[in-house]
Each structure stands twice: as C-alpha cells, then as structure tokens.
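Here are the chains, one letter per residue:
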Amino acid sequence: MSGNRRRFFQDAAFFGAGFLGLAESLGGNTPGNDPQTARGMEQGRHPSPYGRHSQKQVAPLPAGPDPFLPMVAPDLADLPHEVDGSVKVFRLVAEPVKRKIAPFKTIDVWGYNGSCPGPTIQVQQGDRVRIHFENNLPESTSIHWHGLEVPIEQDGVPWISQKPIAPGEKYVYEFTVHQEGTFFYHSHGAMQEMMGMIGFFVAHPERAYKPRADHDFGVILQEWAVLPNNSVPNTAAMEYNWLTFNGLSAPAITPMIAKLGSRVRLRIINMGMDHHPIHLHGNQFVLTGTEGGRAPESTWYPMNTVLVGVAQARVVEFEAKYPGSWMVHCHLPHHMMNSMMDLLRDRAVETANTTDAKALRQMATLAESVPFEHVHHSPIAENANSVPGFPQDAFMEMGMDEAVAKPETHGLPPNWSAGMMGMMTLVRVLPDKEYERMMRRIAGSETDEKVEHPHKS
Ligand SMILES: [Cu+2]
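Note that the coordinates shown come from a computational prediction; the quantities given were computed from them, not determined experimentally. (Residues numbered from 1 in each chain as written. Predicted model: local features only at pLDDT ≥ 70, side-chain atom pairs only at ≥ 80, totals over all residues. Heavy atoms only, no water.)

Caption draft 1: Fine view of the overall build of the chain. Secondary structure assignment for the chain yields 8 helices and 23 strands. In the chain, buried positions account for 48% of the 457 residues. Contacts spanning at least 24 positions in sequence make up 72% of the contacts within the chain whose residues lie at least 6 apart. With an accessible surface of roughly 22,600 Å², the chain has 57% of that area assigned to carbon and sulfur atoms. (Helix = DSSP H or I, 4+ residues; strand = E, 2+ residues; numbered from the N terminus. Buried < 20%, exposed > 50% of the residue type's maximum accessible area, 1.4 Å probe, protein only. Contact = heavy atoms within 4.5 Å. Areas by Shrake-Rupley, 256 points an atom, 1.4 Å probe, with all protein chains shown as cover.)

Caption draft 2: The arrangement of the nonpolar core in detail. Of all hydrophobic cores here, the largest spans 49 residues; its most connected members are Leu221, Leu266, Ile278 and Val306. The residues touching Leu266, leaving out its near neighbours within four places in the chain, are Phe217, Val219, Met256, Arg314, Val315, Val316 and Val328. Counting residues in hydrophobic clusters, the runner-up holds 26 residues, among them Tyr112, Trp145, Val150 and Phe201. (Core = buried A, V, L, I, M, F, W, Y, C linked by side-chain atoms within 4.5 Å.)

Caption draft 3: Here's a closer look at the coordination of the copper ion. Only His276 (ND1), Cys330 (SG) and His335 (ND1) from the protein coordinate the copper ion, and they sit 2.0 Å from it. Along the chain, the residues that donate to the copper ion are spaced as H-x53-C-x4-H. One end of the pair, His276, is in strand S14 (residues 276-280); the other, His335, is in the loop between strand S20 (324-330) and helix H5 (340-344), with 59 residues separating them in the sequence. (Donors = N, O, S within 2.8 Å, 3.2 Å for Na, K, Ca; no water.)

Caption draft 4: Seen up close, the pattern of salt bridges. Under the defined criterion, the tally for this structure stands at 16 salt bridges. Ionic pairing is found between Asp75 and Lys406, a salt bridge with its closest N-O pair at 4.0 Å. With a gap of 331 residues between them, Asp75 in the loop between helix H3 (52-57) and strand S1 (82-84) and Lys406 in the loop between strand S22 (398-399) and strand S23 (424-430) connect regions that are remote in the sequence. A salt bridge links Glu174 to Arg130; the shortest N-O distance between them is 2.6 Å. Here Glu174 is found in strand S7 (residues 170-176), whereas its partner Arg130 is found in strand S5 (residues 128-135), with 44 residues between them in sequence. What you see here is one network of salt bridges that share partners, running through Asp216, Arg263, Arg265, Arg267, Arg294, Glu317 and Glu319. (Salt bridge = Lys/Arg side-chain N within 4 Å of Asp/Glu carboxyl O.)

Caption draft 5: Structural context of the packing of aromatic side chains. A full pass over the atoms with the stated rule returns 8 aromatic pairs. Between the aromatic rings of Trp145 and Tyr173, the centroid separation amounts to 5.5 Å while the plane-to-plane angle is 75°, which identifies the pairing as edge-to-face. With Trp145 in strand S6 (residues 143-146) and Tyr173 in strand S7, this residue pair connects regions lying 28 residues apart in the sequence. The interplanar angle of 75° and the centroid separation of 5.9 Å between the aromatic rings of Trp145 and Phe201 together place this pair among those described as edge-to-face. One end of the pair, Trp145, is in strand S6; the other, Phe201, is in strand S9 (residues 198-204), and 56 residues separate them in sequence. The pair Trp145 / Phe201 is uniform in exposure class, with both members buried. The ring of Tyr209 has Arg294 sitting right over it, with the charged end atom 4.3 Å from the ring centre. (Phe/Tyr/Trp six-rings, centres within 6.5 Å; stacked < 30°, edge-to-face > 60°. Lys NZ or Arg CZ within 6 Å of the ring centre and 35° of its normal.)

Caption draft 6: Structural context of the sheet that holds S6. Pairing is mixed in the open sheet, where 4 strands are placed in the order S4-S9-S8-S6. Unpaired on one side and paired on the other, strand S4 (121-124) and S6 mark the two borders of the sheet. Averaged over all neighbouring strand pairs, the angle between strand axes comes to 20°, with direction disregarded. Judged from the 6 bridges that link them, strand S8 (residues 181-187) and S9 form a sheet pairing that is antiparallel. What sits directly across from Gly181, in S9, is Ala203. (Pairing = 2+ DSSP bridges. Axes fitted to C-alpha atoms, helices over the stretch in contact; angles between N-to-C directions.)

Caption draft 7: Examining the confidence of the model for the chain more closely. Averaged over all residues, the pLDDT of the chain is 83; the fraction at 70 or higher stands at 78%. Contacts for the low-pLDDT stretch residues 1-56, under 50 throughout, to residues beyond four places or in other chains number 39 contacts. Per-residue pLDDT stays below 50 along residues 450-457; that stretch engages in 7 contacts with residues further than four places along the chain or on separate chains. (pLDDT = per-residue confidence, 0-100.)

Caption draft 8: Main features of the sheet that holds strand S18 (residues 305-308). Pairing in this open sheet of 5 strands is mixed, and the strands run S12-S23-S20-S14-S18 from one edge to the other. A single partner strand is all that each edge strand has here, and the edge strands are strand S12 (256-259) and S18. Ignoring which end each strand starts from, the neighbouring axes of this sheet average 20° apart. Taken together, the 6 bridges between S20 and S23 define a ladder with antiparallel strand orientation. Across the sheet, Ser325 pairs through a bridge with Arg428, a residue of S23. Each of S12 and S23 touches helix H7 (residues 432-443); the most contacted strand, S12, lies at about 140° to it.

Caption draft 9: Up close: H7. Over its 12 residues, H7 runs 16 Å from end to end, which matches the ideal 16 Å to within 8%, given 1.5 Å per residue. Buried within H7 are the following residues: Tyr435, Met438 and Arg441. Within H7, the buried residues cover an arc of 120° as seen down the axis, which keeps them to one side. Away from its buried face by more than 90 degrees, H7 exposes Lys433 and Ala443. (Expected span 1.5 Å × (residues − 1). Arc of directions from axis to C-beta.)

Right, dumping it as structure tokens:
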C-alpha cells in the first residue's frame, strides 16, 4: 500500500471516530454507543462512514431471540441435539440406508443416521453449532453446509478446505450461524449426492418473520434411476424413473395437515439433476425466501408454481382459505409417475392390449405381487380402439389406499391413491373441529372406532 493511500485510510478512520464523538455529544448516550454492549463495542471498532445518520438507525439491543415454530418435514425426523454451554451439539453418521420409497419398492441408498434424506437440523440465527460427524461409509466423504457463511475450514470440500474423512473416521464441524433461512447439508461428492446424501439445515430467524406462519413444512426433492429388479440407484444416470418428496413416492408420502384460515409456509429444496416446477392447487402463494434467506415483502407477487432449480431452496407462503385436499406436485409429466417397469418386473409386456377384459387381466397379474387393492379403470368409449393415440391414462388406475394408510390419509375419498404418483402430495386444509380431531388421531389418542362410533365408546 502506498504512503498516500495509507494516510487516506488513517484519516478516514480519524474522521469516523470524530463523527462518533459528535454523535455522542449531540445525542447523548445512545444504546449503540454504549461501550458496555457488544453492539457498542462493535461500532467503536468500525466507525460508520455515514456518521450521525447511521447512529439514529441503531435499535436497542433485543432481549433475546423470538421463540420459533419448528419446520415439519413429513416422513423425516429431526436431528436431536445436546447443549454444551452455549453450543448446540449434533451427531451425524453417514451410512448406507434402506429406504422403502413405495410399498413395493425398497432401494439401497446412502444417508445419515439411518435416514435418507438425512434428519432435519433446526437451529436459530445466532446459534453456535457443533456437529460430531462419523463416516460409516465404505469410502471417504465430507459435509458441505450449503448456503451457510462459515469459515473456509468448515466448508466441507475434500482437499480444498479439509482432508476427506476416511471410512471409520470422525470429524468435528463447528461454526456460528449468523444467517436465517433454508439451507442444507450434503456430501460434496456428486455421486454420493445422487445416492441421497442430503438433509435440511433450517436456521430460524432471531426476530420472527412477519407475518408469522402457523404451519411450516419442508420437502426435499430427489430423483433416482433404479432398474427393475434392482435396488441400487444408478448415480451416473441422466434419466430417472423414481421421483420422491422426502424420500417417498406418492401415494406413500404423508399429506401435510393445515388448519383452515392458517398461514402455511412450505420450504422446498432440490438435490438432483432436474429442476422441478412445484405447483399448488386451488391457492395462490408468494415466494418469501430463497436459499439466500428471507426475501423482502416488496418482492412478493402471486403465483402457484415455483421452479425449484438444482441446489436451490424456495420458500412459499399462502393463506389456507379453502377447505379441501389440495395437491402439491411437480408438474413435469414424467415426475408424476412411478416406474411401471418395476411393477412388470420380469413379466413380458403386452402391447396394445386394450380390451377391458384383457387389460384388466394384465393389471391383475401385475397387482398380484404388489399391494394394489383396486385394479380397475375409469370408463372408456366403445370406439376407444379406433381413436389414434388410445390408450394414454386409461389403464393407469391402481389404488392402494390401505397399503399407504396413516392418520393423515384418514377421510380421503376411496381410491384416492390411484391418482397419486411420483412427486405428489396433499395439503389437507381442515376446518377447526376436523383439524383438532386429526391432530388427536396423529397423536394416537383417537382411533377410527372412536371417530365413527363416538356414542359407543
Ligand atoms: Cu419434477
């Protein structure tokens, strides 16, 4: 640095300090100038070039962080933590996982703590976090904290910021989360990513977002290339036959339950090879955040389909004004399907087999080895076979309501599961009483019998 430039910076520092002194003598002891507070000390070290003006902007130190509403990622658990002094301590183990993505399909993937995707980490802006990591994979790995501003030695990139963590080895990550928003943790190996090594890392804001949400849901988008009769995804594939939300394909995905009149937040993150346009039926939402954190309200505009690109997070919010079971799904046609080839397994595929009897017989044969309960189809025209293009969806209807039944699916119309495949789930908006009853059902304190015959119990 030249002498002149150094002198310029020294002068600037001097003038900055002068402005601070002036502000103090004019404005008295503003909270920001109190040398006893962290904020005051911080400002003493870095005098603002805007002098007095910025001093007026300084708010009193907040008493403490606002309580936050935890995010719920259906079909995924939260990662519990212990507290060591002022540090939140998590334990993550990378390991092979078997994930039943559909009632008739279990795949061999990699994940964390027995889960793929990994369990959800939830912290609050300002938290110091320590992650004790253990590698139980047969090859080296590391964890990258996607979107988080951490020191370089915590960035989790093999050879660049750390040595790869060898099989059987442990490693400790530790950093302070100064951001708020929807982040993720994942392996920094491309093929390990495609084996499923990702999880949510949610940093709730120190001061609650406005308006507050009543429900906060999270969905991880993933795609898998698994050949029929196979269980291991082809991580070098460019095309995918299984598409999942939080590691499950519809209709196995657990619906989200919201109370009528509530404000619903939905966070979506994408770790795959494709971008997914996620569409919500019957409602408009606004995009309130990205992988970079909360977006200013002035940028919000109504929409109902949000494109979630690879490595992106998108956060949308809507007022649940209308009762009903509203679909949330990727709108890429191929992503609204499950792999029919998996159903066929090693059976021969008959083509253009379009008479009712023959088609139903073929579907029944397929259904014998999978838990389909309803094998029928919606009506077809008498002259269907003479129409170019027939059939398309005519013989796709195979329901498995019972195989995927859980409290959250209670009350859906019969054969509801026949219309749900791939990246597809429901936001069920329930009026007060139905909502309370559903919450009791989920908690296990209300059974079918009690609901249907309350006077007999
Ligand atoms: Cu998609």
